[in-house]
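# Summary of structural features
What follows is each chain in one-letter form.
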Amino acid sequence: MSPILDIHDLRVSLRRGAHLVRDVSLSVDAGEVHGLVGESGAGKTMIAKAVLGILPDAIRISGGSALFRSDDLLQLPPKRLRSLLGREIALIPQDPLTGLNPARRISAQMTDMLRHHLGQSRGEARANALRLLQEVQIRDPEQVLDRYPHELSGGMRQRVLIAIAFSAEPSLIVADEPTTALDVTVQKQILRLIRQMQERHGTAVLFVTHDLGVVAKVCHRVTVLHTGQVVEQGDIADIMSARATPFTRALMDATPRYDQPADALHPVPEHIHQELRATARRFDEANP
Amino acid sequence: MSAPLLQVRDLTLSLPDRSRSGMFRKPPMIDILRGISLDLPKGQLLGIVGESGSGKTSLGRAIVRLYQPTSGQILFDGTDITDLDEAAMRAHRKHMQMIFQDPQSSLNPRRRIGEIVAQPVLTLGVERDRRAALKRADLALDRAGLGHAFARRYPHELSGGQRQRVGIARAIATEPRLIVADEIVSGLDVSTQAQILALLNDLKQDMGLSLVFISHDLSVVRVLADRVMVMLGGRVVEEGNVADVFQGPRHAYTRQLIDAVPLPVIEPDWLDSQPGTEGTRMVDIKGQTVLVTGTSRGIGKVFVEALLAAGATKVYAATRNGDGAHADDRVVPVKLDVTSAAEIAAAAGTCADTTVLINNAGINFNSKLLDTDQVDAAAAEITTNYLGTLNMCRAFAPVIEGNGGGAIVNMASILARVNLPLMGSLCASKAAVYSMTQGIRAELASRGVAVFAVMPGAVDTDMTKDFPPPKAAPADIVAEVLVGMMAGEADIYPGDMAKGVSGGLAADRPAMIAEMAGYV
Amino acid sequence: MSGSLLLRRLVQAVPTLFGVSVVVFVLVRVVPGNPIAMMLPPGASAEDMERLRQAYGLDGSILEQYVIWLGQALQGSFGTSISLRQDVLELVLGRLPATLELAVFATIMAVTVGVLAATVGVLFRGRWPETLIDAINGFTLAVPDFIWALALILVFGVLLPVLPISGRVDPRLGTEFSTGFYLIEALVSARFTVVGDLLAHMIMPAIALALPLAAIITRVLKNSLAEAMAQDYVMIARVKGFSRWRIIWVEALRNASIPALTLTGVQFTFLVGGTVLVEKIFSYPGIGNMAIDAVINRDLPLIQGLILSFAVIFIVVNLLVDLSYGLLNPRLRT
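Since the model is a prediction, treat every value here as computed from it, not as a measurement.

Time to look at a nonpolar patch on the surface. A contiguous nonpolar patch, built from L154, V155, F156, V158, L159, L160 and V162 of chain C and spanning about 650 Å² of accessible area, is present on the exposed surface. Here L154 of chain C lies in helix α7 (residues 145-159).

All told, the structure shown has 10 aromatic pairs over all chains when counted by the stated rule. An angle of 90° between the planes, with centres 6.0 Å apart, marks the rings of F139 of chain C and W148 of chain C as edge-to-face. Connected via pairs of aromatic rings, a cluster forms that spans F18, F25, Y66, W69 and F78 of chain C. Over the aromatic face of W270 of chain B sits the side chain of K188 of chain A, whose NZ or CZ is 4.7 Å from the ring centroid.

The next subject is the pairing of strand β1 (residues 6-16) of chain B. Residue and element names in this part refer to chain B. Both β1 and strand β4 (residues 71-76) contribute to a ladder of 5 bridges, which runs antiparallel. Counted as the bridge partner of Q7 is L75 from β4. Relative to strand β2 (residues 29-40), β1 is paired through 8 bridges, and the arrangement is antiparallel. Looking at the pairing, Q7 lines up with D39 of β2.

Further remarks concern the sheet that holds strand β1 (residues 5-14) of chain A. Residues and elements named next belong to chain A. Here we have 4 strands laid out as an open sheet, ordered β2-β1-β4-β5, and antiparallel in their pairing. Where the open sheet ends on each side, the last strands, each with one partner, are β2 (19-28) and β5 (71-72). Pairing of strand β4 (residues 59-68) with β5, which is carried by 2 bridges, proceeds in the antiparallel orientation. Residue pairing across strands places L67 opposite D72, the latter belonging to β5. Contacts between helix α1 (residues 44-52) and the sheet are confined to β1, β2 and β4, with β1 contributing the most and set at about 110° to the helix. Here helix α11 (residues 270-286) sits on the sheet in contact with β1 and β2, set at roughly 100° to β2.

Right, let's talk about the nonpolar core for a bit. Ranked by internal contacts, the top residues of the largest apolar core, which has 120 residues, are M110, L133, V160, I162 and F207 of chain A together with V117 and F213 of chain B. Ranked by residue count, the leading element in this core is helix α7 (residues 190-207) of chain B, at 8 residues. Residues lining this core come from more than one domain, with at least three contributed by each of domain 1 (44-58 + 88-272) and domain 2 (289-519) of chain B. Once residues within four sequence positions are removed from consideration, F207 of chain A is found in contact with V33, H34, G35, L36, A175, P178, L191, I194, V214, V218 and C219 of chain A. Residues L40, Y66, L96 and A291 of chain C belong to the second largest nonpolar core, which totals 61 residues.

All right, on to unusual backbone geometry then. Residues and elements named next belong to chain B. At E175, a position not held by glycine, the phi torsion is positive, near 50°. According to the relative accessible area criterion, E175 is partly exposed, its value standing at 37%. Despite not being glycine, E183 shows a phi value in the positive range, around 50°.

The next thing to look at is the interface of chain B and chain A. Across the contact, 38 residues belong to chain B and 39 residues belong to chain A. Together, the buried faces of chain B and chain A total about 3,400 Å²; carbon and sulfur atoms form 61% of this surface. Summed over the shared surface of chain B and chain A, the number is 2 salt bridges. A salt bridge links K188 of chain A to D259 of chain B, with the nearest nitrogen and oxygen atoms 2.6 Å apart. Where chain B packs against chain A, one counts 15 residue pairs in polar contact (both at pLDDT 80 or more). Looking at the side of chain B that touches chain A, the elements that each hand over two or more residues are α7, α8 (218-224) and α10 (252-260) of chain B.

Procedures and definitions
- Residues numbered from 1 in each chain as written.
- Chains lettered and ligands numbered in written order.
- Predicted model: local features only at pLDDT ≥ 70, side-chain atom pairs only at ≥ 80, totals over all residues.
- Heavy atoms only, no water.
- Patch = residues over 30% accessible without salt bridge, like charges linked within 9 Å, V, L, I, M, F, W, Y side chains within 5 Å.
- Areas by Shrake-Rupley, 256 points an atom, 1.4 Å probe, with all protein chains shown as cover.
- Salt bridge = Lys/Arg side-chain N within 4 Å of Asp/Glu carboxyl O.
- Helix = DSSP H or I, 4+ residues; strand = E, 2+ residues; numbered from the N terminus.
- Phe/Tyr/Trp six-rings, centres within 6.5 Å; stacked < 30°, edge-to-face > 60°.
- Lys NZ or Arg CZ within 6 Å of the ring centre and 35° of its normal.
- Pairing = 2+ DSSP bridges.
- Contact = heavy atoms within 4.5 Å.
- Axes fitted to C-alpha atoms, helices over the stretch in contact; angles between N-to-C directions.
- Core = buried A, V, L, I, M, F, W, Y, C linked by side-chain atoms within 4.5 Å.
- Buried < 20%, exposed > 50% of the residue type's maximum accessible area, 1.4 Å probe, protein only.
- Domains from an automatic or database assignment.
- Buried area = accessible area lost by both parts, 1.4 Å probe.
- Polar contact = N/O pair within 3.5 Å; in protein donor to acceptor, adjacent residues only side chain to side chain.

Below, the structure written as structure tokens:
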């Protein structure tokens, strides 16, 4: 089976020149949740934004390809890309607070794409929005549709954003730290919901996160990043085992756990960071 | 053990709810913290965990007197600092410092790091001479693991982890004895976070610091804390030694909180598991429309006030003659005699937006089972306490379900669990209520309506005038019921007496029954 | 909410207007200049002067004068103009509509230009259209309205005489108006030649007043639009496949317009102040023009009345601004 998304040697750089993502390759299969893990500055969000064509102005793609089925998302003319986005590719953002427009009702934000891209009538789109809200287990979906975002709790807003992402039955969803801003009990509900929806619809998910715990619970495969390079890639079972590379293992040892005492915690040894930074430097020297 | 450095006694904090203010109306007060007590011994770290809205941040700020508590006491090293004015507080400020989550916003971008760290040393009068203050800043920067070379730099030149070290250096520069740290490692990368945690641990040991460490992250607290306090809705749900609480949480909410933390281990069933809830869902009062029966006095009256303070949208205050008029326009008086089927049906129609029903109305004749001198107490108590509650549940369960789910709370009594010789018929009626509540809970299990049974001990109201102490204050009972609902405890035992009896029944039933018989 | 806001504002307006009246009353009476002397022919006797002073109530102390004035004002009488010998209220109400039409026309123009310029600037971020807009903007901000007025007269009145340079309407059209709102009246009664003539008279003073405001709106709105465009919900709209134009208009503009709106409310104050000079330059018969004459003639009752009407305009405009926040931001409605 060919992958839904096939990123090959993706290189992202500042317009001034410095590289942020250094020839990263990864693929996401249909129905698979692929974790993109790393600390800040590892390049995980840049990869997600490059795929979606929403990199900031100061940042450009300087090499590689990102095949969605047979289209290279990095080369598509803007109009063609826009017709893929929304219909075939969707986004679940990090912050449910800013992910919804404060000035527009939930109904408007849930139906605009259905109406403008899928040509549904006002009534059809509203009926679909209602069905989606029920699917993401929102009580009183009728009432919620007529509300403004500030009238909903954080967990509710994230459910609405998930409903929006799934609304056009996309085949790929990019989830950018979708639970980082949530309380821990709400996080669990949202993770469960994302997995349920993804399994039910057979959607491929590129799941960006810094949290190894979240990765262990929702991802099938994982790519671990450091300074814009792939440190490790593989099945979740391998990543979570002793077979993992030194950096991944060090990251695990530096993650506090409520089931382990204080002395089990070890900061990531500085030499591991240094070695990875040195590899990045060598890459930059070879590819100015 | 030496006397605690910090003692908090029954601390309450209320702030005005600005969203409900009007032109000629004072905004109603909303309770942020309710009766918090804690002891922090010298050289220890107390972790405070909770989700957003739990009041953990407000508690931290109240401790260092950034918020003025509404009531209660804060003792710092034996001195009561609760009501000190700012001038008098200054003498204590150098001994108690606070570190905030976002070091970026608390660091003046135009000042050099050295000056930033030296600033509290000067303003709090630890040193009068600028040179000496800068020297202390250098020392603090060394201790914070940055090195005094950083004193010449500006905040924007630093990484997030380095800025947080500056925050720590500034806090320890005055050589404080207590530090309140609010979410200081959230937002940091794991590798940076681990370093900061190690630093805090070292400082605690080297300087003999006491810390209050506030965090939403249970795992981080586990690493640092000696003791931990779990907060929910402005109250302490559970408190204890950190290893004990995390390994054997006693409270359902704590269990649920711990379970929700994703550990980096593969556990295929984790996403679908929901321990801690035991068939009951957690219910927050905020935003609910609540109907309370029997609000003319006693616990019912207190319920109305507590529900308003907890942010209920509307409270139907039911009384037998419908005279529950109230200053707050969220309160709607309802005439409702729970022994009248017609009135119950009418109430289900007029209060059709109810999401939470609190069956509080009840009567009590204090009579023995075999003596029937005046009225038949058994029949009257069964009619009001059992049948009244049952009929209310029958009428309102569909209403609540139709409104998207909610809760039913039935006020039983600890007497539902143990029959006392002098008030046998009351105990029987309460036992019936308890049994009925369990049955209703089972029937409503999958229909979005949480069902709670409340078993208070003796409460200090008109009804219990003849009862011997100890009697709990109605406000405490009600507050514990609300926390129990938020925590999703199916059976709520508010007050020490109720907890004691319930524990005693579980441990040694005959002994407990004998003890209770002696109590009357 | 908006009802209680309205009430609150009306209550707050009372001390504001009282304060303005006190300050103006005292100021116009302590600045040098004698209105009576200006009314009388040279060589009038001291007795004539004293009689006239009494007739206009200028003989008492400032406090006495104020109490009398306030008493009359509360009954709806703002005195008689010394130079024009007519009722002040009638005079002001007669001229006010001309100024209101001009100011509102100029504001609409400024908002339209400002919103368009800001949108284009954000749409072409970092490319030449933005640079051009910034350059024009900087220049426009630096030049005050009366210079624009003079420049416009020079270009479109003198060098290319295509526009009338004075008055409000051509008397040769011989139209009669039953209200002071000529433009609205002509539009309602479908007299389009008159509408054209009114607009031709209004266009230059309106541009002069609108340009500085447009520049400020552009600058503020461009910044807040750029900020709104960086929000997650805009990112989502982009991933939904909407075009940049649609995203700006549907998603960003409403959220970005609050700071610009606040500023427009404040700047409207300056715009109305600007009418004083601009109306004079174009001999436009509004209250600004009248204000200059009143000051030159030391016409104390008229100055008083005019300034109070300016104050009322400011209060009303700021109230409208506050009320419209609720329309833009649903969070401010609850």
